[in-house]
Amino acid sequence: MTLPNSPLEPIRQPVKKITSLPWFERLARLGYAAKGVVYFIVGLLAVQAAIGSGGQSTNTSGALKAIVVQPFGKFLLSIVTLGIIGYVLWRLVQTFFDPEKSGKPINAKRIVQRIGYAISALAYTGLALTSVKLIMGSVVGDSDSTEDWTIYILAQPLGRWLIALIGMMVVSVGLFYLYKAYKGKFRYHLQLSQMSLTEQNWAVRMGRFGIAARGIVFGIIGIFLMLAAIQSDGTQARGLGGALAVLTQHPFGLWLLGVVGLGLIAYGIYSGIEARYRHIANL
């Protein structure tokens, strides 16, 4: 639902026609599947690193690099890229038109949720661009983009305060994911009537384990952002790969990395379940 007299209202009908087409739903579902593949690979590499079988903790860009070096890698990555683009489009529709809450009044909770959709769309747009570069044969560096933009923001006026605020927000997102995993209400986004009881139970288990793992990772990322703000040192910031690497620096670190890696694999599987059973609402 858009706000009354919203500047988006003139384009609502054209967007509605597009989102009602079968290909848009298929593209959105491919998006969830692509997201699942990326997180499955990140989790798998983390588990391999934990058990010493040659893997290493990496981020989502690293997962794309792992795909492109496989046989027919560029073809496979092209499919994943198309899915990521579909996911970005779906997130943008959720941001501006809120199809899943159609007809319900706007409140603070839903505004925050839609801001989250916008941030997600932005993040996956960057991932799609990285994927296109890999397909075209461009060299994609291994530098941590989180560290790069943290250093940039810290150099700006009030940069430390902004990074501290972002860090607190990321920690809050992590805590929300843990709460979401505990409550299990995410299952209501699935077409439960099309699933058997066994499928429902496994979907909830995978979702809880996977979302909790993401919560832990977000919490670590947020804590290091706040540490970067306190010390005014952007090199303290960590992205997904860095957050996973941090786990190994603690007692039982490899065990922790293995468990979180398995959680990310579970999240990848749950995203695959979403690709098949999630409600993709029309405007």
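As the structure is a prediction and not an experimental result, all values here were calculated from the model.

S.K.: Just checking my understanding: could you explain the overall build of the protein for this structure?
M.R.: A tally of helices and strands in the protein yields ten helices and zero strands. Moving toward the C terminus, one meets the helices and strands of the protein in the order α-α-α-α-α-α-α-α-α-α. Expected size for 283 residues packed as a compact globule is a radius of gyration near 19 Å; at 19 Å, the protein falls within 12% of this value. Seen through its principal axes, the protein has C-alpha atoms that stretch 50 × 45 × 40 Å. Looking at the protein residue by residue over its 283 residues, the buried ones come to 45%. For the protein, the computed accessible surface area is about 15,100 Å², with 68% contributed by carbon and sulfur atoms. If you average the places of the 26 positive and of the 11 negative side-chain charges in the protein, the two averages end up 9 Å apart.

S.K.: I tried to follow the pattern of salt bridges on my own but got confused; where do I start?
M.R.: Oppositely charged side chains may form a pair once their charged atoms are brought near each other. Counted according to the given criterion, the structure contains two salt bridges. E25 is the salt-bridge partner of R29, the closest N and O atoms lying 2.9 Å from each other. Within this pair, R29 and its partner E25 are both found in helix α2 (residues 22–51), separated by four residues, close to a single helical turn. Judged by relative accessible area, R29 falls into the buried class, the value being 13%.

S.K.: Before we go on, may I ask you to explain helix α6 (residues 145–154) in this structure?
M.R.: Residues three or four positions apart in an α-helix share a direction because the helix packs 3.6 residues into each turn. Those residues of α6 lying buried are T146, T150, I153 and L154. The buried side chains of α6 occupy one side of the element, clustering within an arc of 95 degrees when seen end-on. Where α6 is buried, its residues contact α7 (159–183) and α8 (197–231).

S.K.: Help me understand the packing of α8 against helix α9 (residues 240–247), please; the structure alone is not making it clear to me.
M.R.: When two helices pack together, their arrangement is given by the angle between the helix axes and the distance between those axes. Their axes nearest at 9 Å, the elements α8 and α9 cross at an angle of 95 degrees. Between α8 and α9, the interaxial angle falls into the category roughly perpendicular. Every residue of α9 that contacts α8 at V217, I220, I221 and F224 is listed here: L240, A243, L244, V246 and L247. Of the residues assigned to the contact of α8 with α9, the class counts are nine nonpolar, no polar and no charged.

S.K.: Explanation requested: the packing of aromatic side chains in the structure shown.
M.R.: One pass over the full model with this rule turns up eight aromatic pairs. Ring centres 6.5 Å apart and planes at 65 degrees place the aromatic pair F24 and W90 in the edge-to-face group. Of this pair, F24 sits in helix α2 while W90 sits in helix α4 (residues 73–97), placing them 66 residues apart in sequence. When sorted by exposure, F24 lands in the same class as W90, which is buried. Summarising the aromatic geometry, the rings of Y87 and Y124 are spaced 4.9 Å apart at their centres and angled 70 degrees between planes, so their arrangement reads as edge-to-face. Of the two residues, Y87 is situated in helix α4 and Y124 in helix α5 (residues 108–135); the sequence distance between them amounts to 37 residues. Neither residue differs from the other here; Y87 and Y124 are each classed as buried. Chaining the aromatic ring pairs together yields one cluster made of W23, F24 and W90. The ring centre of W202 lies 4.9 Å from the NZ or CZ of R205, which sits over that ring.

S.K.: Sorry if this is basic, but what is going on with the packing of α4 against α5 here?
M.R.: Close contact between α4 and α5 brings their axes to 8 Å; oriented N to C, the two are set at 160 degrees. Considered as vectors, α4 and α5 are oriented roughly antiparallel to each other. In this structure, α4 meets α5 at a crossing whose hand is left-handed. In terms of residue class, the contact of α4 with α5 is built from 17 nonpolar, seven polar and three charged.

S.K.: Looking at this structure, I do not really get the environment of G258. What am I missing?
M.R.: Checked against the element boundaries, G258 lands in helix α10 (residues 253–277). The class of G258 is buried, set by a relative accessible area of 13%. For the pair G258 and A228, spaced 30 residues apart in sequence, the C-alpha to C-alpha distance is 26 Å. When neighbours within four sequence positions are excluded, G258 is seen to be in contact with V47 and A50.

Cut-offs and rules
- All residue numbers here refer to positions counted from 1 along the written sequence of the relevant chain.
- Given that this is a predicted model, residues contribute local features only at a pLDDT of at least 70 and side-chain atom pairs are listed and counted only at 80 or more, while totals for whole chains, interfaces and linings are drawn from all residues.
- Calculation of side-chain values draws on the structure's entire complement of heavy atoms; hydrogens and water are dropped beforehand.
- Under the DSSP-based scheme used, a helix requires at least four consecutive residues in state H or I and a strand at least two consecutive residues in state E, with every element numbered from the N terminus.
- Note that the radius of gyration is over C-alpha atoms, with the globule rule given as 2.2 Å times the number of residues to the power 0.38.
- Partly exposed residues are those whose accessible area sits between 20% and 50% of the maximum for their type, while under 20% is buried and over 50% is exposed, using a 1.4 Å probe and protein chains only.
- The accessible surface values rely on the Shrake-Rupley method and a 1.4 Å probe; as for residues, cover is taken only from the protein chains in view.
- Under the convention used here, Asp and Glu are negative, Lys and Arg are positive, and both His and the chain ends fall outside the count.
- To locate a charge, take atom NZ for lysine, CZ for arginine, CG for aspartate or CD for glutamate.
- Salt bridges are defined as contacts in which a side-chain nitrogen from Lys or Arg sits within 4 Å of a carboxyl oxygen from Asp or Glu.
- What the arc covers is the set of directions going from the helix axis to the C-beta atoms.
- It only takes one pair of heavy atoms within 4.5 Å for two residues to be counted as in contact.
- Axis angles are defined between N-to-C directions and span 0 to 180 degrees, where every axis is a line fitted to C-alpha atoms and, for a helix, only to the segment in contact.
- Reported orientations rely on four angle classes, namely roughly parallel under 35 degrees, roughly antiparallel over 145, roughly perpendicular from 65 to 115, and oblique for the rest.
- Residue type decides the class: Asp, Glu, Lys and Arg count as charged, Ala, Val, Leu, Ile, Met, Phe, Trp, Tyr, Cys and Pro as nonpolar, and the leftover types, Gly among them, as polar.
- To pair, rings of Phe, Tyr and Trp, with the six-membered ring standing in for Trp, must have centres within 6.5 Å; the planes then decide the type, stacked if under 30 degrees apart, edge-to-face if over 60, and tilted in the middle.
- Counted as over-ring charges are cases with an Arg CZ or a Lys NZ within 6 Å of the ring centre that also lie within 35 degrees of the ring normal.
- Whether a crossing is left-handed or right-handed is set by the direction in which the near helix is turned from the far one by less than a right angle, anticlockwise for left-handed and clockwise for right-handed.

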